[in-house]
Amino acid sequence: MTNNISRIMKFKTTPYHSHLIKDTERLSAFYEGISQYAEDLDYLENEEGLINKVVYDLGCGSGVLTYFAALYFSAVVGFEKDSKIAGYAKENLKDFENVLIVNEDVLKLEGLDKADLIICEMLDTALIDEEEVLALNHFIDFKEDNCTVIPSKVLNYVEPVSMERRNVHWEDDDYHPNYNIIGKSICYSEIDLQSRIDENFEDVLEFAINEDSKFNGIKITTITLIRDNIVCGPTPMFNPPLFIPVDEINCRAGDTVKVKLSYKMGGGIETIKTELI
Ligand SMILES: C[S@@+](CC[C@H](N)C(=O)[O-])C[C@H]1O[C@@H](n2cnc3c(N)ncnc32)[C@H](O)[C@@H]1O
């Protein structure tokens, strides 16, 4: 990984993609996941030392995950809709004969060959604001029967909070919102990225409040399983905690509060709705 990091640090990128490649927790987890998948298949290596498998990297950005896959597999295609970063990815990976970078919106692609491995890092908290789920659902028809998707799963946790800001917002390196956690965390959803995903989420969440407080929001924390044994995030660049306002009520320690939460994965934060029950 150390040699790979020094190569990646020379990649041409936009400022946003540069932050992504400096997030070493994210990068190491994906590297480990891709290597682990490859190691299980090393008996398929051809005379060039590459495994004969077709890999797609959806939303490849600077090409960093495409690069990891290109170290192992004979045919790796990175798809990227932003022409500037797609151009950089082409340049970053120009030495690899087994790599093709395609500057297209993955949601518009039709008639592709089937892939053995799909890597898709268009993740964001609870999969709401980026196109991970839409892209993976669109690629269902371009998967071999035993196709693996990296990441494997997403787990979403929620906590009741008393928070200062009254709009939907994230926490990141530059912005630390003012809030108190006032009850137990619950794992409210587990999304398996290996098969078709229902884009619409709706459920009633039941919170056990553990202090006298003003309840007026929820905090969502997303944990990604890159493979079933590799856990990643959240990090400031990868699924930072998401805060969602709820109508305010005064609570006592020991109260139970019910909130109906709904959103569309890939639909954006404007699809988020909450209702006190
Ligand atoms: C979170 S970044 C990750 C980039 C890269 N995979 C990495 O791990 O560093 C997501 C990338 O997906 C691209 N993207 C988003 N929607 C897309 C779409 N519909 N088709 C192709 N690329 C898309 C974005 O432009 C962005 O470069």
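Residues numbered from 1 in each chain as written. Predicted model: local features only at pLDDT ≥ 70, side-chain atom pairs only at ≥ 80, totals over all residues. Heavy atoms only, no water.

Enquirer: Break down the nonpolar core for me, with residues and values.
Expert: Membership of the largest hydrophobic core comes to 82 residues, with the highest contact counts inside it found for Leu 58, Phe 73 and Leu 261. With seven residues, the top contributor of residues to this core is helix α3 (residues 24–39). In this structure Phe 73 touches Ile 34, Tyr 37, Ala 38, Leu 41, Leu 50, Ile 51, Lys 53, Val 55, Asn 98 and Leu 117, once residues within four positions along its chain are discounted. (Core = buried A, V, L, I, M, F, W, Y, C linked by side-chain atoms within 4.5 Å. Buried < 20%, exposed > 50% of the residue type's maximum accessible area, 1.4 Å probe, protein only. Helix = DSSP H or I, 4+ residues; strand = E, 2+ residues; numbered from the N terminus. Contact = heavy atoms within 4.5 Å.)

Enquirer: How would you summarise helix α5 (residues 83–92) if you had to cite specific residues and measurements?
Expert: When α5 is considered as a whole, its buried residues turn out to be Ile 85, Ala 86, Ala 89 and Asn 92. One side of α5 carries all its buried residues, which in axial view fall inside an arc of 120°. Opposite the packed face of α5, turned more than 90 degrees from it, sit the exposed residues Ser 83 and Lys 84. Where α5 begins, one side-chain oxygen reaches toward the backbone nitrogen of Lys 84, 3.0 Å away; that side chain belongs to Asp 82. (Arc of directions from axis to C-beta. Polar contact = N/O pair within 3.5 Å; in protein donor to acceptor, adjacent residues only side chain to side chain.)

Enquirer: Residues and numbers for the packing of aromatic side chains, please.
Expert: Within this structure, the stated rule accounts for 15 aromatic pairs. When the ring of Tyr 56 is compared with that of Phe 139, the centres are 5.9 Å apart and the planes differ by 85°; the resulting orientation is edge-to-face. Of this pair, Tyr 56 sits in strand β1 (residues 51–58) while Phe 139 is found in the loop between α6 (132–138) and β5 (143–150), placing the two residues 83 residues apart along the sequence. A single burial state applies to Tyr 56 and to Phe 139, both of which are buried. Their ring planes at 80° and their centres at 5.7 Å tell us that Tyr 67 and Phe 96 sit as a pair that is edge-to-face. Separated by 29 residues along the polypeptide, Tyr 67 in helix α4 (residues 64–70) and Phe 96 in the loop between α5 and β3 (99–102) bring together distant segments of the chain. Overall, Tyr 67 belongs to the buried group, its relative accessible area being 4%. For Phe 96, a relative accessible area of 15% corresponds to the buried category. (Phe/Tyr/Trp six-rings, centres within 6.5 Å; stacked < 30°, edge-to-face > 60°.)

Enquirer: Which residues make up the environment of His 17, and what values do they have?
Expert: Checked against the element boundaries, His 17 lands in helix α2 (residues 15–21). By relative accessible area, which is 12% here, His 17 ends up buried. Separated by 45 residues in sequence, His 17 and Ser 62 place their C-alpha atoms 6.4 Å apart. Sequence-distant contacts of His 17, defined by excluding residues within four places in its chain, comprise Gly 61, Ser 62 and Ile 85.

Enquirer: Go over the sheet that holds strand β10 (residues 200–208) with me, naming the residues and quoting the values.
Expert: The strand order across the open sheet built from three strands is β10-β14-β15, with neighbouring strands paired in antiparallel fashion. Two strands bound the open sheet, and with one partner strand each, they are β10 and β15 (273–276). This sheet shows a mean twist of 20° between the axes of neighbouring strands, independent of strand direction. As judged from the nine bridges shared by β10 and strand β14 (residues 256–264), these two strands associate in the antiparallel manner. Within β14, the residue paired with Ala 208 across the bridge is Thr 256. (Pairing = 2+ DSSP bridges. Axes fitted to C-alpha atoms, helices over the stretch in contact; angles between N-to-C directions.)

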